[in-house]
Each structure stands twice: as C-alpha cells, then as structure tokens.
Amino acid sequence: MSAAEELLRSRGLRVTRPRLAVLDVLAGGGHLEVDEITRQVRERLDSVSTQAVYDVLGALSRAGLSRRIEPAGSPARYEARAGDNHHHVVCRGCGEIADIDCAVGSAPCLEPGVAHGFEVDEAEVTFWGLCPGCQARRSADS
C-alpha cells in the first residue's frame, strides 16, 4: 500500500484513482487553481471531470489533507500544506503566492482580543506586496 493510500485511509476516505491523482498533484507544491489541478490530473488519468476534481478537493480539505485559500480578487487555490496555521504573501503584480510561517512557538494570531464566543482554530492572514521579479521589472521601467 502506498503512503498516499495509507493517508487517505487514515482519514476515513476511500482510496480512488482521482483522489490519489489530486494528492499527487498537490504534493508537487504550489498554490494551484482548480483548472491547473484538473489539467495535471488529466495527464495522469486521461478522463476526469472538473466536478470530480472539485469533489475530491472538498473531501481532502474537510479531511485536513489540503487547504483552500482565496486571496482577494483571485480564484480559489489549493495546497497540500494544511493544519499548521501558516499564512501567505501575494504579489500584487503577477499573483505569485508564497507561504509564510506563523510565529515560532505560540500562534498569537489564534488568540484574538475578543472572540465573540467562537472557538478559534485557524487564522487566515494574507500579506500583499511585490515579488522579486515584479520589483525588478518595476526598477527596469523606472
């Protein structure tokens, strides 16, 4: 049994070819849109519907095996890194997304001053700026 099969079973999910293929795509890293995930899954399986990929991504997210992020003005993206409360930085120029680890030790962002009765288990912080490539293009244009 492969590690991916064991991972799915450990989370109470059936092992299916689409689930294995999506896990494999996400394991490649990055913050991928559904269209890109679907394209890569089709390279592995030939035939899979976009809806099937959405269904798999939903199941994986609910099981804590993937994370869905939605930077403002962008379509939803998915990543394999889940459950560690990391944050993201998004380039305003090209849309590149990178991970930013939360504070070392405790996660102060999980302790809001007033939680209004909510049990907070995740904070989604998005930093915005220009990636090195866009900074270089800006400098070259000046």
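For the protein chain, the name recorded in an unreviewed UniProt entry is Transcriptional repressor, with Micromonospora acroterricola as its organism. Regarding the protein chain, the UniProt comment filed under Sequence similarities (unreviewed entry) reads as follows: "Belongs to the Fur family." For the record of the protein chain, the UniProt heading Subcellular location (unreviewed entry) holds the text "Cytoplasm".

In this numbering, the UniProt entry assigns the feature "binding site: Zn(2+)" (unreviewed entry) to Cys91, Cys94, Cys131 and Cys134. The annotated residues occupy 44 residues of the chain but converge on a single region, no pair of C-alpha atoms lying more than 8.0 Å apart. Classification of cysteine 91 as buried rests on a relative accessible area of 4%. Excluding anything up to four places from it in sequence, cysteine 91 contacts Glu96, Gly129, Leu130, Cys131 and Cys134. Within the element layout of this structure, cysteine 131 appears in the loop between strand S6 (126-129) and helix H5 (132-141). Classification of cysteine 131 by relative accessible area gives buried; the value is 10%. Not counting residues up to four positions away in its chain, the partners in contact with cysteine 131 are Cys91, Cys94 and Glu96.

What counts, and where the lines are drawn
Residues numbered from 1 in each chain as written. Predicted model: local features only at pLDDT ≥ 70, side-chain atom pairs only at ≥ 80, totals over all residues. Heavy atoms only, no water. UniProt positions renumbered as here; feature names shortened; annotations may be inferred. Buried < 20%, exposed > 50% of the residue type's maximum accessible area, 1.4 Å probe, protein only. Contact = heavy atoms within 4.5 Å. Helix = DSSP H or I, 4+ residues; strand = E, 2+ residues; numbered from the N terminus.

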